[in-house]
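Remarks on the overall topology
So the chains spell out like this:
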Amino acid sequence: QVQLVESGGGLVQAGGSLRLSCAASGRTFSSYVMGWFRQAPGKEREFVSAISGSGERTYYTDSVKGRFTISRDNAKNLVFLQMNSLKPEDTTVYYCAARQGTFLSVETRRFVYWGQGTQVTVSS
C-alpha cells in the first residue's frame with residue numbers, strides 16, 4: 001500500500017513557476033513508476049508526465065514539453081513537478097500517482113495509487 005500526498009499548488013501569474021511535490025509512504029518507493037496527471041472540472045483526467053523508478057527515464061505530454069520537468073528523490077520518497085512558463089490553460093487540479101513496474105504508462109487505469117490532488121491556478 002502506498003499513500004501519496006501532494007503539495008505546492010497555488011495561484012501564479014501567467015509566465016510564472018510552481019513546483020509540485022508528492023510525498024510517498026512505503027519502503028519500496030524506487031520500485032514505482034510515478035506520474036503526474038491533471039483534471040479539469042467536467043473533463044477526463046489527463047496524463048502530464050511520468051518518471052521511472054530510477055529516475056533515468058521520463059515522459060511528457062506534448063503540451064508541457066520544454067516547460068515542465070519531472071524528477072524524484074528516492075532517498076526521501078519524493079517526486080516533483082517543476083512547472084515553468086505557466087499558462088492559464090494549465091489551471092486545474094494536479095494529481096500524483098504510482099504504479100509498480102517499469103513501463104511509463106500514460107493511462108490513468110494503469111496507476112493504482114493516487115493522491116488527493118493540489119490546485120494550480122494560473123491567472124492571465
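The paragraphs below set out a description of the structure included in this document. (Residues numbered from 1 in each chain as written. Predicted model: local features only at pLDDT ≥ 70, side-chain atom pairs only at ≥ 80, totals over all residues. Heavy atoms only, no water.)

With that settled, the discussion passes to the state of the cysteines. Overall, the coordinates contain one disulfide when judged by the stated rule. With a sulfur-sulfur separation of 2.1 Å, cysteine 22 is cross-linked through a disulfide to cysteine 96. Across the S-S bond of cysteine 22 and cysteine 96 the torsion is about -80 degrees, and the bridge reads as left-handed. Of the two residues, cysteine 22 sits in strand S3 (residues 18-24) while cysteine 96 sits in strand S9 (residues 92-100), which places them 74 residues apart along the sequence. For the pair formed by cysteine 22 and cysteine 96, the shared burial category is buried. (Disulfide = S-S within 2.5 Å. Helix = DSSP H or I, 4+ residues; strand = E, 2+ residues; numbered from the N terminus. Buried < 20%, exposed > 50% of the residue type's maximum accessible area, 1.4 Å probe, protein only.)

Turning our eyes to something else, we now look at the pairing of strand S5 (residues 46-51). Burial analysis of S5 places five of its six residues in the buried class, the great majority of the element. Relative to S5, strand S4 (residues 32-39) runs antiparallel, the two being bridged by five bridges. What sits directly across from methionine 34, in S5, is isoleucine 51. The antiparallel hairpin formed by S4 and S5 contains six residues in its connecting segment, where glycine 42 sits at a positive phi of about 80 degrees. Two elements, S5 and strand S6 (residues 58-60), share three bridges in a ladder whose sense is antiparallel. Bridge pairing in S6 links isoleucine 51 to threonine 58. Here S5 folds back onto S6, and the loop between the two strands holds six residues, one of which, glycine 55, carries a positive phi near 90 degrees. (Pairing = 2+ DSSP bridges.)

With 27 residues, the main nonpolar core has Leu4, Met34, Trp36, Val79, Leu81, Met83 and Tyr94 as its most contacted residues. Put simply, the parts of the chain that give this core at least two residues each are S3, S4, S5, strand S7 (68-73), strand S8 (78-83), S9 and strand S11 (118-123). Of all the elements, S3 adds the most residues to this core, at four residues. Those residues in contact with tyrosine 94 that lie beyond four places of it in its chain are Glu6, Leu20, Trp36, Phe37, Arg38, Val48, Phe68, Leu81, Met83, Gly117, Thr118 and Val120. If you look at the next biggest cluster of nonpolar residues, it comprises seven residues, including Phe47, Ala50, Ala97 and Phe111. (Core = buried A, V, L, I, M, F, W, Y, C linked by side-chain atoms within 4.5 Å. Contact = heavy atoms within 4.5 Å.)

Moving on: the pairing of S7. Burial along S7 is one-sided: Phe68, Ile70 and Arg72 are buried, while Thr69, Ser71 and Asp73, pointing the other way, are not. Where S7 meets S8, six bridges bridge the pair, whose relative direction is antiparallel. Note that in S8 the partner of aspartate 73 across the bridge is leucine 78. Counting the residues in the hairpin turn of S7 and S8 gives four residues, including asparagine 77, whose phi is positive at 55 degrees.

Distances and angles like these do not, on their own, reveal function.
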